[in-house]
Amino acid sequence: MTARLTRDRPTWLVYLQLGVFATYLYGLSAALPMLRAELGLSQTVAGLHGTMMAVGGVLTGLALPRLTRRLGTRVTVWTGLTGMNVGVLLVVLGHTPQVTLLAYCLAGGMGSISLYTSMSVLGRHHGPAGPSAISEANAVGGTIGLFAPFVVSLAAQSALGWRTALLLTPLLTVLLALAMGRVWVPTPAREEQAAPSGSAGSPGLGMRFHLAGTVLFCCVGLEFSFNLWAAKLVSDNTGLSAAVAASALTAFTAGLALGRFGGARLALRIPPASLLIGALGLTFVGWLLFWTSTAPPAAYAGLLVSGVGVSLHFPLALSRVLTATAGRPERATGVASLYSSSATGVGPFLLGALADVSGTQQAFLMVPVMIVLAVGGILVSSR
């Protein structure tokens, strides 16, 4: 039987919160080539910014179950958004790698708090339609985030400079708080005050859960590798300047938005494992076109197709993690954050280090490797 997705006001609040999160994520990703050029950083050091986002996510992931129990999900989400904006403002004001690395760490960690708490609450709120709701939430977020790389690229080519474009995230956060700050997802009190068994010291969640977490790791590593390094490869292969090539992420985020809107409907009808394997296959097709392109239109087309495929990776992989929790959503949210945050650092940093040794194009061979690992994890865990 097909599940039904009902979009109430609390659902739209989470959708828009994810949109604010997406402007931070894609804004800082698009800004990285300009930051690297301005500060004279190597590709390895530039990749460390992704690693610092991961470090922040790992630290907050460890604290997330306890933080949620103490503050409740509503306050936890808004606290995460506030800290994320402080990190973005530090990037705007920072002119040394020490400051920008700290800023990426703070923004990544606090953003993770907001992201994983809101996704967990949204999935529980919609029950059987949870995977569809999570996919649609990411679609709305991707649509709003679509504008961030474009704004960064335009600002970089103007007298304002690329840093001013990052102010989009704090502005949208303030507007959302004023418009919908009193709204929240109705959550049973017993879930707001989880038992100590959901803490980090409780028994393990099982092999199926950790296989699902490994798939999530690969999927997030794929997306962040595209986010942080696709513009560099477009610049290398096509000869476009770093400022112009930053707009290539607009094609990728457009694919993310298109795929997640369509994927939300598919997730109501197709088993998540089959749909995720199909999305990974589509990502490989897009990557191959993008990786071999020397003309901007073909590179942008490849990123668009890749974005459509990647669009379903995170929501479907996260849904698989959350459904394998054995009734311990708080702990699962924290562990999912650890897997994802580790991937945001390991994937982009390794790609950047390989790019310093063998060039960005050869380094992007990491993508098909992660696709194969993800498919293998899905097949094994499904058995």
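Bear in mind the structure is a predicted one, so any value in this text is a computation, not a measurement. (Residues numbered from 1 in each chain as written. Predicted model: local features only at pLDDT ≥ 70, side-chain atom pairs only at ≥ 80, totals over all residues. Heavy atoms only, no water.)

> Tell me about the overall build of the protein, and name the residues and values.
Each helix and strand in the protein was counted, giving 18 helices and zero strands. Compactness check: the protein gives a C-alpha radius of gyration of 19 Å against a globular reference of 21 Å for 383 residues, within 12% of the reference. C-alpha extents for the protein along the principal axes are approximately 55 × 45 × 35 Å. For the protein, restricting intrachain contacts to residue pairs at least 6 apart in sequence, the fraction spanning at least 24 positions comes to 86%. Of the roughly 14500 Å² that the protein leaves accessible, carbon and sulfur atoms contribute 70%. The averaged location of the 9 negative side-chain charges in the protein is 8 Å from the averaged location of its 21 positive side-chain charges. (Helix = DSSP H or I, 4+ residues; strand = E, 2+ residues; numbered from the N terminus. Rg over C-alpha atoms; globule rule 2.2 N^0.38 Å. Contact = heavy atoms within 4.5 Å. Areas by Shrake-Rupley, 256 points an atom, 1.4 Å probe, with all protein chains shown as cover. Lys, Arg positive; Asp, Glu negative; His and termini not counted. Charge placed at Lys NZ, Arg CZ, Asp CG, Glu CD.)

> Could you give me a rundown of the nonpolar core, with the residues and numbers involved?
Counting 109 residues, the largest nonpolar core has Tyr24, Met119, Leu166, Leu216, Phe226, Leu303 and Phe364 as its most contacted members. Top contributing element to this core by residue count: helix H1 (residues 9–39), with 16 residues. (Core = buried A, V, L, I, M, F, W, Y, C linked by side-chain atoms within 4.5 Å. Buried < 20%, exposed > 50% of the residue type's maximum accessible area, 1.4 Å probe, protein only.)

> Can you explain the packing of helix H3 (residues 73–93) against helix H4 (residues 97–126)? Please cite residues and give values.
When two helices pack together, their arrangement is given by the angle between the helix axes and by the axis-to-axis distance. It is at 7 Å that the axes of H3 and H4 come closest, and there the two elements cross at 155 degrees. Considering the angle they form, H3 stands roughly antiparallel to H4. Helix-helix and strand crossings are classified by hand; for H3 and H4 the assignment is left-handed. Residue classes in the contact of H3 with H4 are distributed as 15 nonpolar, ten polar and one charged. (Axes fitted to C-alpha atoms, helices over the stretch in contact; angles between N-to-C directions. Parallel < 35°, antiparallel > 145°, perpendicular 65-115°, else oblique. Left-handed = near helix turned anticlockwise from the far one by under 90°. Nonpolar A, V, L, I, M, F, W, Y, C, P; charged D, E, K, R; others polar.)

> Lay out empty space enclosed by the protein with the relevant residues and their values.
By the definition in use, this model includes two cavities of 30 Å³ or more. Roughly 280 Å³ of volume is contained in the largest cavity. Lining the largest cavity are 23 residues, and of these Phe21, Leu25, Leu115, Tyr116 and Phe224 sit closest to its centre. Among the elements that line the lining of the largest cavity, the one with the most residues is H1, at six residues. The residue inventory of the lining of the largest cavity, partitioned by class, reads twelve nonpolar, nine polar and two charged. (1 Å grid on protein atoms, 1.4 Å probe; cavity = no way out; pocket = protein on both sides within 12 Å on 5 of 7 lines; lining within 4 Å. Points joined across faces, edges and corners; volume = space filled by probe spheres on them.)

> Help me get a handle on the packing of aromatic side chains, residues and values and all.
In total, this model carries nine aromatic pairs according to the counting rule given. On the numbers, 6.0 Å between centres and 70 degrees between planes, the contact of tyrosine 116 with phenylalanine 314 is edge-to-face. With tyrosine 116 in helix H4 and phenylalanine 314 in helix H15 (residues 313–322), this residue pair connects regions lying 198 residues apart in the sequence. Comparing tyrosine 116 with phenylalanine 314 shows no difference in burial state: the two are buried. Ring centres of tryptophan 287 and tryptophan 291 lie 5.1 Å apart, and the angle between their planes is 20 degrees; this geometry places the pair in the stacked category. In this pair, tryptophan 287 and tryptophan 291 both sit in helix H13 (residues 272–292), four residues apart, roughly one turn of the helix. (Phe/Tyr/Trp six-rings, centres within 6.5 Å; stacked < 30°, edge-to-face > 60°.)

> How would you sum up the pattern of salt bridges? Please name residues and give values.
For side chains bearing opposite charge, pairing can occur when the charged atoms are close. This model, assessed by the stated rule, comprises three salt bridges. For glutamate 136, the salt bridge is made with arginine 7, and the minimal N-O distance between the two is 2.6 Å. One end of the pair, glutamate 136, is in helix H5 (residues 130–145); the other, arginine 7, is in the segment before H1, with 129 residues separating them in the sequence. Judged by relative accessible area, which is 9%, glutamate 136 ranks as buried. Under the relative-accessibility criterion, arginine 7 is labelled partly exposed at 42%. With a closest N to O distance of 2.7 Å, lysine 232 and aspartate 236 form a salt bridge. Taken together, the residues lysine 232 and aspartate 236, both in helix H10 (residues 207–238) and four residues apart, mark about one turn of the helix. Given the relative accessible area of 18%, lysine 232 is considered buried. Relative accessible area serves as the criterion here: at 41%, aspartate 236 is assigned to the partly exposed category. (Salt bridge = Lys/Arg side-chain N within 4 Å of Asp/Glu carboxyl O.)

> Report on the side chain of serine 341, specifying residues and quantitative values.
With respect to the element layout, serine 341 can be found in helix H16 (residues 329–358). Reaching out from serine 341, the side chain makes a polar contact with the backbone oxygen of glycine 57 at a distance of 3.5 Å. (Polar contact = N/O pair within 3.5 Å; in protein donor to acceptor, adjacent residues only side chain to side chain.)

> I'd like to hear about the confidence of the model for the protein, residue by residue, with values.
In regions of low pLDDT, the predicted coordinates are not meant to be interpreted in detail. The share of residues in the protein with pLDDT of 70 or more is 92%, and the mean pLDDT across the chain is 84. Confidence, read as mean pLDDT per element, is least for helix H9 (residues 189–192) in the protein (46) and greatest for helix H8 (residues 168–180) (95). Note that pLDDT drops below 50 for residues 189–203; the model gives that stretch 22 contacts with residues more than four away or on any other chain. (pLDDT = per-residue confidence, 0-100.)

> So what's going on with a nonpolar patch on the surface? Which residues, and what values?
The grouping of Leu282, Phe284, Val285 and Leu288 at the surface amounts to a nonpolar patch, some 320 Å² of accessible area in total. Assessed through its relative accessible area of 35%, phenylalanine 284 is described here as partly exposed. (Patch = residues over 30% accessible without salt bridge, like charges linked within 9 Å, V, L, I, M, F, W, Y side chains within 5 Å.)

> Let's hear about the packing of H13 against H15: which residues, and what values?
As a packed pair, H13 and H15 sit with axes 10 Å apart at the nearest point and diverge in direction by 150 degrees. The angle between the axes of H13 and H15 places the two elements in the roughly antiparallel class. As H13 packs across H15, the resulting crossing turns out to be left-handed. Within the contact between the two elements, H13 uses Pro272, Ala273, Leu275, Leu276, Ala279, Leu280 and Thr283 and H15 uses His313, Leu316, Ala317 and Arg320. Here the residues of the contact of H13 with H15 sort into eight nonpolar, two polar and one charged.

> Any chance you could break down H10 for me, citing the residues and the numbers?
Here H10 spans 44 Å end to end across 32 residues, near enough to the 46 Å set by a 1.5 Å rise per residue. In the structure, H10 departs most strongly from a straight axis at tryptophan 229, where the bend amounts to approximately 50 degrees. Two residues or fewer after H10 comes glycine 239, characterised by a positive phi angle close to 85 degrees. (Expected span 1.5 Å × (residues − 1). Bend = angle between axes of the 7 residues up to and from the residue.)

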